[in-house]
Amino acid sequence: MGVIVRVRRQKAFLRDGQWRSADRDLENELNRATTEWILATGGPPLHASDPEIAVARHIARLAGGRVLFHSPCPPRDGSRTYFALRQMPLPF
């Protein structure tokens, strides 16, 4: 149901495609990096059994952090969340 990572002595929590952290700058950085990664690459593989851990590992590596804890989410919930984030916004 979520992933906890440590980046520069701060912790952040990923759940339902959104990062949360007591450090607002870190939270914004991780959310921005996740959005950019999903828009550029499509994000975690469509066949991933738990897309949140794939996102957390990739973003933690980009930010110089590491995964501390992972609680798997139900496959259908994770796929639904990241499918919605993959949708391209249209300007009309």
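A brief look at the structure comes next. Given the structure is predicted, the values throughout are model-derived calculations rather than measurements.

### Things to note about the overall build of the protein chain
Inference 1: What the protein chain contains, in helices and strands, is three helices and four strands.
Inference 2: Sequence-ordered secondary structure for the protein chain, helices as α and strands as β, is β-β-β-α-α-β-α.
Inference 3: A compact globule built from 92 residues would reach a C-alpha radius of gyration of about 12 Å, and the protein chain, at 13 Å, matches this within 12%.
Inference 4: For the protein chain, the spread of C-alpha atoms along the principal axes amounts to about 40 × 30 × 20 Å.
Inference 5: In the protein chain, which comprises 92 residues, the proportion classed as buried is 37%.

### A word on the pairing of strand 1 (residues 2-7)
Inference 1: Two strands pair when backbone bridges link them, and strand 1 and strand 4 (residues 66-71) are joined in this way by five bridges, in the antiparallel orientation. Note on strand 4: the bridge partner recorded for Gly-2 is Ser-71.
Inference 2: Pairing analysis gives five bridges linking strand 1 to strand 2 (residues 10-15), with the strands arranged antiparallel. Each bridged residue has a counterpart across the sheet, and for Val-3 the counterpart in strand 2 is Leu-14.
Inference 3: Linking strand 1 to strand 2, which pair antiparallel, is a turn of two residues; within it Arg-8 sits at a positive phi near 50 degrees.

### Considering the pattern of salt bridges
Inference 1: Applying the stated criterion across every chain, the model contains five salt bridges.
Inference 2: Its salt-bridge partner being Glu-27, residue Arg-20 comes within 3.7 Å of it at the nearest N-O pair.
Inference 3: Across the pair Glu-27 and Arg-24 runs a salt bridge whose closest N-O atoms are separated by 3.0 Å. Of this pair, Glu-27 and Arg-24 both sit in helix 1 (residues 24-41), separated by three residues, roughly a single helical turn.
Inference 4: A relative accessible area of 7% means that Glu-27 is categorised as buried.
Inference 5: A relative accessible area of 54% places Arg-24 in the exposed class.

Cut-offs used in this document
- Residues numbered from 1 in each chain as written.
- Predicted model: local features only at pLDDT ≥ 70, side-chain atom pairs only at ≥ 80, totals over all residues.
- Heavy atoms only, no water.
- Helix = DSSP H or I, 4+ residues; strand = E, 2+ residues; numbered from the N terminus.
- Rg over C-alpha atoms; globule rule 2.2 N^0.38 Å.
- Buried < 20%, exposed > 50% of the residue type's maximum accessible area, 1.4 Å probe, protein only.
- Pairing = 2+ DSSP bridges.
- Salt bridge = Lys/Arg side-chain N within 4 Å of Asp/Glu carboxyl O.

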